[in-house]
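# Structure at a glance
Chain residues, written in single-letter form:
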Amino acid sequence: MSADAVDRAACVASGGWLRDVAEAIAADWESLGVRGSFLARDIDTGAYLGFDVDAPVPLASVVKVPLALVALDRIATGELDAAQPLTIDPATSSVGPTGLAAFRYPVTAAVGDLLFMMLSVSDSASADALFGLVPVVDVDAQLRAWGCADIHVRHRLNRMYECAAGAAGNDFSLALELAIRDDRSGHHTIETLDPAHANLGTATALADLLQRVWRDEIAHPDATAELRRMMGLQVFTQRLSSELRTDTIHVSGKTGTFLHLRHEIGVVEAESGDRIAMVALTRSDRRASLAPDIDLAIGAAARDAFEALRR
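Notes on the structure in this doc start here. (Residues numbered from 1 in each chain as written. Predicted model: local features only at pLDDT ≥ 70, side-chain atom pairs only at ≥ 80, totals over all residues. Heavy atoms only, no water.)

## Description of the packing of aromatic side chains
In the structure shown here, the tally under the stated rule is 4 aromatic pairs. Plain terms: the ring middles of Trp29 and Phe38 are 6.0 Å apart, the flat faces sit at 75° to each other, and that makes the pair edge-to-face. Summarising the burial analysis for this pair, Trp29 and Phe38 share the class buried. An aromatic cluster of three or more residues is present, and its members are Trp29, Phe38 and Phe51. (Phe/Tyr/Trp six-rings, centres within 6.5 Å; stacked < 30°, edge-to-face > 60°. Buried < 20%, exposed > 50% of the residue type's maximum accessible area, 1.4 Å probe, protein only.)

Encoded structure:
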């Protein structure tokens, strides 16, 4: 890997040796054919390392984190009832492989339980049911009010699948091919992958959001506490936490996966008191729905960044 290839990743860091770590992670991703953004930041000291941290990227299911924060804030302030029951009918609900989205028959669940399903198993049916109570425009407006200028919420989760089907029918391989081709050309056939129309964020903006949630500097404190608790219950461990699973380290996160996108944002906390916000947003040229080596590369990046930043 040439130095020029690594430099293209626009590495940044708060110290010279931390930049070396960022460059090594960027080189590892490049060797796998992975493009994207990575940022790790100590929540308490501000020390950081990463690359391409201000590039806007479609969020996929990572958007469920700001949706959850807005909904939890409304619960905390009494505008929304966590016990309110909602019925989800598979005939009209969002599609997806997990949670209520995979159910064959109607189910009724409380708002608070839908939040749990959305964050723990990335259930898109629960997410879109919550968007029915807290509309997309309201979530986006609240983010503006909180000063989250570089996170944009523009559509429900099922819109991603509708746009992919509109472009490729039921041919997932064709949709993946279109996503990869269009990512290179900048002319997007699938609308929800177009930065002008997608749910969008940057690594910097998402790390800022995590930092403010963990420091109780955004929304109602009851909302941030509950968001931290629920993100700590995510069942997926193949990315950020894949090389950080120990009795003394806890990872709270939220994945996002759609076509060529494989993301995760989260916070790594150690018994020593270290708290590191992590954002990994990747786009692959891999024409495959499964890429465990890319997941493991995200985990390796998280491990290297955590070890470099911990005090």
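Next comes the rest of the write-up.
## Description of empty space enclosed by the protein
Taken as a whole and assessed by the stated rule, the structure comprises 1 cavity of 30 Å³ or more. Of the volumes computed, that of the largest cavity is approximately 40 Å³. Lining the largest cavity are Pro58, Leu59, Ala60, His155, Met160, Thr192, Leu193, Ala198, Asn199, Phe258 and Leu261. Looking at the lining of the largest cavity residue by residue, the class counts come to 8 nonpolar, 3 polar and no charged. (1 Å grid on protein atoms, 1.4 Å probe; cavity = no way out; pocket = protein on both sides within 12 Å on 5 of 7 lines; lining within 4 Å. Points joined across faces, edges and corners; volume = space filled by probe spheres on them. Nonpolar A, V, L, I, M, F, W, Y, C, P; charged D, E, K, R; others polar.)

## So, the sheet that holds strand 8 (residues 249-258)
Reading across the sheet, the 6 strands line up as 1-3-2-10-9-8 and stay open at both edges, with antiparallel pairing between neighbours. The open sheet has two edge strands with one neighbour each: strand 1 (11-13) and strand 8. Averaged over all neighbouring strand pairs, the angle between strand axes comes to 10°, with direction disregarded. As paired elements, strand 8 and strand 9 (residues 261-270) share 10 bridges and run antiparallel to each other. In the strand pairing of strand 9, Ser252 is matched with Val267. (Pairing = 2+ DSSP bridges. Helix = DSSP H or I, 4+ residues; strand = E, 2+ residues; numbered from the N terminus. Axes fitted to C-alpha atoms, helices over the stretch in contact; angles between N-to-C directions.)

## Focus on the environment of Phe116
Assignment of secondary structure puts Phe116 in helix 4 (residues 111-120). With 11 residues separating them along the chain, Phe116 and Ala127 place their C-alpha atoms 10.0 Å apart. For Phe116, the residues in contact, after removing those within four places along its chain, are Val121, Met230 and Leu233. (Contact = heavy atoms within 4.5 Å.)

## Topic: the environment of Gly253
In this structure, Gly253 sits in strand 8. Put simply, Gly253 and His197 are 56 residues apart on the chain and 25 Å apart in space, counted from C-alpha to C-alpha.

## Some thoughts on the nonpolar core
Counting 72 residues, the largest nonpolar core has Leu115 and Leu227 as its most contacted members. Looking at this core element by element, the count peaks at 8 residues for helix 9 (residues 203-214). Excluding residues within four positions of it along the chain, Leu227 makes contact with Val65, Ala68, Leu69, Leu72, Leu119 and Val213. (Core = buried A, V, L, I, M, F, W, Y, C linked by side-chain atoms within 4.5 Å.)

## Overview of the side chain of Ser122
If you trace the backbone, Ser122 turns up in the loop between helix 4 and helix 5 (124-133). Residue Ser122 is classed as buried on the basis of its relative accessible area, which comes to 13%. A polar contact of 2.8 Å, which involves the side chain of Ser122, links it to the side chain of Lys254. Discounting residues that sit within four places of it in the chain, Ser122 has contacts with Ser61, Lys64, Thr98, Met117, Phe236, Lys254 and Thr255. (Polar contact = N/O pair within 3.5 Å; in protein donor to acceptor, adjacent residues only side chain to side chain.)

## Examining the environment of Gly112
The topology assignment puts Gly112 in helix 4. The class for Gly112 is buried, based on a relative accessible area of 17%. Separated by 31 residues in the primary sequence, Gly112 and Asp81 have C-alpha atoms spaced 8.2 Å apart. Setting aside its immediate chain neighbours within four residues, Gly112 contacts Ala82 and Met230.

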